[in-house]
Each structure stands twice: as structure tokens, then as C-alpha cells.
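One letter stands for each residue in the lines below.
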Amino acid sequence: MPDTFVLDCSVAAKWVLREPDCAPALRLFERYESGEISLIAPDLLLAEFASLLAKRSRRKEISAKHAQDAFDLLTRCALRLFDMRPRLVRALDLSLRLHLSLWDCVYLALALEHECPLLTADRRLFRGAAGRHPALLLVR
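Cut-offs applied
Residues numbered from 1 in each chain as written. Predicted model: local features only at pLDDT ≥ 70, side-chain atom pairs only at ≥ 80, totals over all residues. Heavy atoms only, no water. Helix = DSSP H or I, 4+ residues; strand = E, 2+ residues; numbered from the N terminus. Polar contact = N/O pair within 3.5 Å; in protein donor to acceptor, adjacent residues only side chain to side chain. Phe/Tyr/Trp six-rings, centres within 6.5 Å; stacked < 30°, edge-to-face > 60°. Buried < 20%, exposed > 50% of the residue type's maximum accessible area, 1.4 Å probe, protein only.

**Topic: the environment of R85**
Here's step 1: Within the secondary structure, R85 sits in the loop between strand 3 (80-82) and helix 5 (88-98).
Here's step 2: In the structure, R85 is positioned 42 residues away from D43 in sequence and 9.4 Å away in space, judged by C-alpha atoms.
Here's step 3: Reaching out from R85, the side chain makes a polar contact with the side chain of D83 at a distance of 2.5 Å.

Structure (C-alpha cells):
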């Protein structure tokens, strides 16, 4: 059985939007596609990614068509998504204790539940949770 990782939106965005320094994230995607690793995420990932796309479109960084295509591409990646609602109590506790956003803590809660690492490209999250979460990995 392949190793499992929780994937956050910052890494998924690098897959689809080809952001700067996307090579490590793309290597993760290749490992996922080949079946070498398993990637899971809370269903929050889709809403967070859609919000990112909408914001970039409003700022004229990408077109509306590009935003829709990027969202379609991410949904076709077939990540195993988990309902965030059962994880909100734990996420709130983590958020209050660690002084991190509730949204970031939903990802952390899922990683703790599945006893697997959380992959992020979000340096703020990494700095804020480093040493407090046993397996937070910065994808850079």
C-alpha cells in the first residue's frame, strides 16, 4: 500500500497554475499518478481552490476561462476527499491552541486522523505549525 499524504491547496495550485517553484509539487503529482503515493484532502480543498481562482481572475492575473479550466483539471485529479464537517471540532481546537487559521487546521486535523504527513507550500503555515505537528512537510 502506498504512503498517504494530506495535500493542501497551496501544493495543488502549483500543479494546475504552474506557479513559481512548481517543480517539487509536479514531482509529487507524478508520484501520485504513478500510484507510488496516495493523496487525500478535506473537501475544503475544492472551495479553497475555487476561491483562489476567482481572486486571481478578479485581479486579472488569469482569465475566467483559465480559472474554469484550472478548476476542471483539479477535479479530474481524483483526489480522495473527506467531508470536513466531522473534523471541525478538532480543527477548531487546533486553531485555538496553535493560533493558525481554522482552514489550515482542517488539513492538520485530517493529517492527524490518518496519522500521515501534511504537504504544504504555504510557508506561513509551515512556520506556524512547525514543531507542533509531527509531520508537516514544506514542498518547495
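**A look at the packing of aromatic side chains**
Here's step 1: In total, this model carries three aromatic pairs according to the counting rule given.
Here's step 2: Between the aromatic rings of W15 and F29, the centroid separation amounts to 4.7 Å while the plane-to-plane angle is 55°, which identifies the pairing as tilted. Note that W15 is positioned in helix 1 (residues 9-17) and F29 in helix 2 (residues 23-33), a separation of 14 residues in sequence.
Here's step 3: We classify F29 as buried; its relative accessible area is 18%.
Here's step 4: Arranged with centres 6.5 Å apart and planes meeting at 15°, the rings of W15 and Y32 form a pair that is stacked. Taken together, the positions of W15 in helix 1 and Y32 in helix 2 put the pair 17 residues apart, joining distant regions of the chain.

What is shown is where atoms sit, not what they do.
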